[in-house]
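# Structure assessment
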Amino acid sequence: MTSLSNSILWQRMHEYYSQLGTEVWIDEVVPQQITNNTYLANNYAKQIVAQIQDYILAHGKPDDLPFYIFEIGAGHGRLSFYLLENLRQAFEVFEWPKKWLKFIMTDISLKSLESWQTHHALKPFIDEGWLDIAVFNADRDTELKLAISGQHLKVNSINKPLFVICNYIFDTLAQDAFQVINHRLHEVELVIKNADKIEKGDLKDYFKDAQYEFVKHPVDTNYYSENPVLNKILQDYETESENAAFLMPIGAIMCIENLKKFTNGPVMFLVSDKGVTDKDLFEENDDPDISFHGSVSMMVNFDALRRYTELCGGNCLLMGDKGADFQVANFIFQTDYKIPNTTYTFTNSLSCFSPQDLFDICYIDDEPITKFTSLESIVNILNLAEWDPSIFYDYHEQVIEKLENDAITVGVQHSILNGLERAWRYFFKLEKSQDLPFAIGSTLYNMGFNEKAIEFYNYSLEFFGKDKDTYFNLTLAYQALGNYVKAQEMINESLKIASKNKALAELQKEIESLQVI
Ligand SMILES: C[S@@+](CC[C@H](N)C(=O)[O-])C[C@H]1O[C@@H](n2cnc3c(N)ncnc32)[C@H](O)[C@@H]1O
């Protein structure tokens, strides 16, 4: 038997992500919305800005070497883009020179790197020199070879606060499992009962088909021979709890230690994941929960990470709402100055409302809420969501339905136009099914902004390819403008794709008759 962290599970997980790259999100196999929204990116950006302000307060104007932001396990890159776009605006407002910032997207998957280099939203940041990319294995690597600039970042390469974004990654890294039974520590080991059988199958099915069994046996609290800090946490759990089941995020801690090596100065880990923030919330005697979603993941023990940070002399900022499943935290190491801006910004932003609340308000069982009595009430919810592009996309059909049936006030029209402008600024093509420009174009058409609608339908063709519905809608928009020649052209394109479609044939006839007049 082996400890959970030495299980073959983690090796298979690395292989899963390395082999599939961004495909798992394009096909919507691995969930990403709760960690990839403009609301969360906005919170991260505020933390980074506040920490730069704290640094300037303590050290005066920085030299020209950049503040580095490393994103670990960046995956598809949507969060990186949201954060970069937000920071671009912040740097303009604060009049901070661009050379102060270098964002490094990293992942274990080389395939992801290849997709970032050509992505419409990321490429401009690469071209401007703000963004570089690298392969990085969080629980092993201590160096970074940047793929664009060729720069090599090593131990103590960085002389400013280093920001590390760990978004939905700690739950993917190795864990150990323990249980305290009558104040006595036990290790919980994992056995994959059908390991031999699933090894022969397709990796995509590995996690779905795996049958798990957990086996417990008593262990000494000096379990981690090379890490007394972790042993102290085990001892404290054993003393403080009569019965408790918990995980030790050993992969996350290795990741933290590997990244701390890049600098002698402050390192700030902005972490979001589903997890537990207090030992009082531990189950008494449950087996570890392995959740399946293409690959697998496990809850992150934020309480252990807090204890670890504080035992290492660092600061830990946790959300006010300890009960939320989805947590955001800031673990800060090696600061030699006070951090009032960082602390105030975190506690002020995340004292009660959090990303989990936003998603619980916007969705029931993963579906957008229906039964709104007015357009204004849908706009209210979208304003709360800061017109996050994915949330707007999920609501756009309801917006259009209300626009078709209800009168719109000038005030609500302004709100929608402001929201659409924001949703478009954060457009990041990922899911095949989420044609944001089509949704914006259709909303604008239903508000009577035909020329603007045409502009967005054309973006839809550019990003999502030729589609009969897009050409159909273009026909309607040109028809509304009285441009029957273009309307004819568009309906003909539509019929090239769906020659037997009755609705298209009828519209073609109507346009032809209008042209004769
Ligand atoms: C659950 S996904 C999260 C992706 C993205 N950060 C998000 O919030 O949607 C985990 C990501 O971590 C990467 N990953 C897995 N193991 C890793 C490791 N040991 N080091 C670095 N990245 C890893 C995967 O390739 C994948 O992109």
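Scroll up to find the structure.
Right, let's walk through the structure included here. (Residues numbered from 1 in each chain as written. Predicted model: local features only at pLDDT ≥ 70, side-chain atom pairs only at ≥ 80, totals over all residues. Heavy atoms only, no water.)

## A word on the packing of aromatic side chains
Scanning all chains against the criterion turns up 40 aromatic pairs. With centroids separated by 5.8 Å and ring planes inclined at 20°, the aromatic side chains of Phe246 and Phe282 adopt a geometry described as stacked. Taken together, the residues span a long stretch of sequence, with Phe246 in strand 10 (residues 243-248) and Phe282 in the loop between strand 11 (267-276) and strand 12 (291-293) at a distance of 36 residues. Taking relative accessible area as the criterion, Phe282 reaches 12% and is therefore assigned buried. (Phe/Tyr/Trp six-rings, centres within 6.5 Å; stacked < 30°, edge-to-face > 60°. Helix = DSSP H or I, 4+ residues; strand = E, 2+ residues; numbered from the N terminus. Buried < 20%, exposed > 50% of the residue type's maximum accessible area, 1.4 Å probe, protein only.)

## Topic: the sheet that holds strand 10
Pairing is antiparallel across the open sheet formed by four strands, whose spatial order is 9-8-7-10. Since the sheet does not close on itself, it has two edges, and those belong to strand 9 (212-218) and strand 10, each with one partner. Put simply, the sheet's adjacent strands are angled 30° from each other on average, direction ignored. Two elements, strand 7 (residues 176-181) and strand 10, share six bridges in a ladder whose sense is antiparallel. Opposite Ile181, over in strand 10, you have Asn243 as the bridge partner. (Pairing = 2+ DSSP bridges. Axes fitted to C-alpha atoms, helices over the stretch in contact; angles between N-to-C directions.)

## Observations concerning the layout of surface pockets
Estimated volume of the second largest pocket: approximately 420 Å³. Forming the walls of the second largest pocket are 22 residues, and the residues nearest its centre are Ala245, Val276, Phe282, Glu283 and Met299. At the level of secondary structure, the elements contributing two or more residues to the lining of the second largest pocket comprise strand 7, strand 10, strand 11 and strand 14 (300-301). For the lining of the second largest pocket, the element with the highest residue contribution is strand 10, accounting for three residues. Residue composition of the lining of the second largest pocket, by class: 13 nonpolar, three polar and six charged. Residue contributions to the lining of the second largest pocket reach at least three from each of two domains, namely domain 1 (4-173 + 252-277 + 296-353) and domain 2 (176-249). (1 Å grid on protein atoms, 1.4 Å probe; cavity = no way out; pocket = protein on both sides within 12 Å on 5 of 7 lines; lining within 4 Å. Points joined across faces, edges and corners; volume = space filled by probe spheres on them. Nonpolar A, V, L, I, M, F, W, Y, C, P; charged D, E, K, R; others polar. Domains from an automatic or database assignment.)

## Description of the site of the ligand
Taken together, the neighbourhood of the ligand is formed by 21 residues, with Asn36, Gly73, Asp107, Ala138 and Asn167 sitting nearest. Take Asn167: an N or O atom from its main chain is 2.7 Å from a nitrogen atom of the ligand. Bound to the protein, the ligand loses 99% of the 600 Å² it would expose on its own. The residue inventory of the shell around the ligand, partitioned by class, reads nine nonpolar, ten polar and two charged. (Near = heavy atom within 4 Å. Polar contact = N/O pair within 3.5 Å; in protein donor to acceptor, adjacent residues only side chain to side chain. Areas by Shrake-Rupley, 256 points an atom, 1.4 Å probe, with all protein chains shown as cover.)

## With respect to the pattern of salt bridges
Between side chains of opposite charge, a pair can form when the charged atoms approach closely. In total, this model carries 27 salt bridges according to the counting rule given. For Asp127, the salt bridge is made with Lys123, and the minimal N-O distance between the two is 3.0 Å. Of this pair, Asp127 and Lys123 both sit in helix 6 (residues 123-128), separated by four residues, roughly a single helical turn. Put simply, Asp303 and Arg307 hold a salt bridge, and the shortest N to O gap is 2.8 Å. With a gap of four residues between them, Asp303 and Arg307 both fall in helix 11 (residues 302-311), about one helical turn apart. Residue Arg307 is classed as buried on the basis of its relative accessible area of 12%. Taken together, the salt bridges that share partners define one network made up of Glu240, Asp303, Arg306, Arg307 and Glu310. (Salt bridge = Lys/Arg side-chain N within 4 Å of Asp/Glu carboxyl O.)

## Describing the state of the cysteines
Per the stated rule, a full pass over the model turns up zero disulfides. The thiol of Cys312 is not disulfide-bonded; the next cysteine sulfur, from Cys316, is found 12 Å away. Cys316 supplies the cysteine sulfur nearest to Cys352, a cysteine that is in no disulfide, at a spacing of 18 Å. (Disulfide = S-S within 2.5 Å.)

## A few points about helix 18 (residues 450-464)
Between its terminal C-alpha atoms helix 18 stretches 20 Å, which fits the 21 Å expected from 15 residues at 1.5 Å a residue. Listing the buried residues of helix 18 in full gives Asn450, Ala453, Ile454, Phe456, Tyr457, Ser460, Leu461 and Phe463. For helix 18, the secondary structure elements touched by its buried residues are helix 16 (410-425), helix 17 (436-446) and helix 19 (468-480). One or two residues past the end of helix 18 sits Gly465, with phi positive at roughly 85°. (Expected span 1.5 Å × (residues − 1). Contact = heavy atoms within 4.5 Å.)

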